[in-house]
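Chain and residue survey
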Amino acid sequence: MRKTVLIVEDEFLIAIDLKLLLERGGWFVLGPAATVAEALRLLDDELPAVALLDVTLKDGGVRPVAEALHAQNVPFVVASAYDQPELIGGDILAGAPNVGKPTEERRLLKVLEQVVGS
């Protein structure tokens, strides 16, 4: 099974940086998706092994994406500068690993591997 990750990030430069970083780390990247609608369309096409979520997107909060992932048993990681992203994105984000923003490459890769392996 290939390692797939869905990137949900509305800041173009951050999204491209994450995509390149993850591809260098051996991941196949779906997206990046800048909106909830884009992310949900990508999920209709293929389920990733894990998702990397920004808390706020161009068309609102990431909650609907997190709920769709949870319903499909797809784990997710948050990339947020917020200490408690659940206060912004809803309770669905509580307990999800937060790799922070800016995101440190080794930490991100390690957390994704841990989440997929659990």
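As a reminder, the structure under discussion sits directly above these lines.
Keep in mind it's a predicted model, so treat the numbers as computed, not measured.

Thresholds, definitions, all that
- Residues numbered from 1 in each chain as written.
- Predicted model: local features only at pLDDT ≥ 70, side-chain atom pairs only at ≥ 80, totals over all residues.
- Heavy atoms only, no water.
- Helix = DSSP H or I, 4+ residues; strand = E, 2+ residues; numbered from the N terminus.
- Rg over C-alpha atoms; globule rule 2.2 N^0.38 Å.
- Buried < 20%, exposed > 50% of the residue type's maximum accessible area, 1.4 Å probe, protein only.
- Areas by Shrake-Rupley, 256 points an atom, 1.4 Å probe, with all protein chains shown as cover.
- Lys, Arg positive; Asp, Glu negative; His and termini not counted.
- Charge placed at Lys NZ, Arg CZ, Asp CG, Glu CD.
- Axes fitted to C-alpha atoms, helices over the stretch in contact; angles between N-to-C directions.
- Parallel < 35°, antiparallel > 145°, perpendicular 65-115°, else oblique.
- Left-handed = near helix turned anticlockwise from the far one by under 90°.
- Contact = heavy atoms within 4.5 Å.
- Nonpolar A, V, L, I, M, F, W, Y, C, P; charged D, E, K, R; others polar.
- Core = buried A, V, L, I, M, F, W, Y, C linked by side-chain atoms within 4.5 Å.

1. A short note on the overall build of the protein chain
- Tallying secondary structure elements over the protein chain gives 5 helices and 6 strands in all.
- Its helices and strands in sequence order give the protein chain the pattern β-α-β-α-β-β-β-α-β-α-α, from N to C terminus.
- For the protein chain, the C-alpha radius of gyration of 12 Å lies close to 13 Å, the compact-globule estimate for 118 residues.
- Considering only C-alpha atoms, the protein chain reaches an extent of 30 × 30 × 30 Å along its principal axes.
- Taking all 118 residues of the protein chain together, 43% fall into the buried category.
- Carbon and sulfur atoms provide 52% of the accessible area of the protein chain, an area that totals close to 6,200 Å².
- When the 11 positive and 18 negative side-chain charges of the protein chain are each reduced to one mean point, those points stand 6 Å apart.

2. Observations regarding the packing of helix H2 (residues 36-45) against helix H3 (residues 63-71)
- Taken N-terminus to C-terminus, the directions of H2 and H3 make an angle of 15°; their axes are 9 Å apart at the nearest point. Taken together, the axis directions place H2 and H3 in an arrangement best described as roughly parallel. Judged by the twist between their axes, the crossing of H2 over H3 is left-handed. Contacts from Val-36, Ala-39, Leu-40 and Leu-43 in H2 reach Pro-64, Val-65, Ala-68 and Leu-69 in H3.
- Class assignment for the residues of the contact of H2 with H3 results in 8 nonpolar, no polar and no charged.

3. A look at the nonpolar core
- Counting residues in each nonpolar core, the largest one holds 20 residues, and the members touching the most others are Val-8, Leu-53, Val-62, Val-65, Leu-69, Phe-76 and Leu-93.
- If you list the elements that add at least two residues to this core, you get strand S1 (4-8), strand S2 (28-33), H2, strand S3 (50-53), H3 and strand S6 (76-78).
- Excluding its chain neighbours within four sequence positions, the residues that come into contact with Leu-69 are Leu-43, Pro-48, Ala-51, Leu-53, Val-74 and Phe-76.

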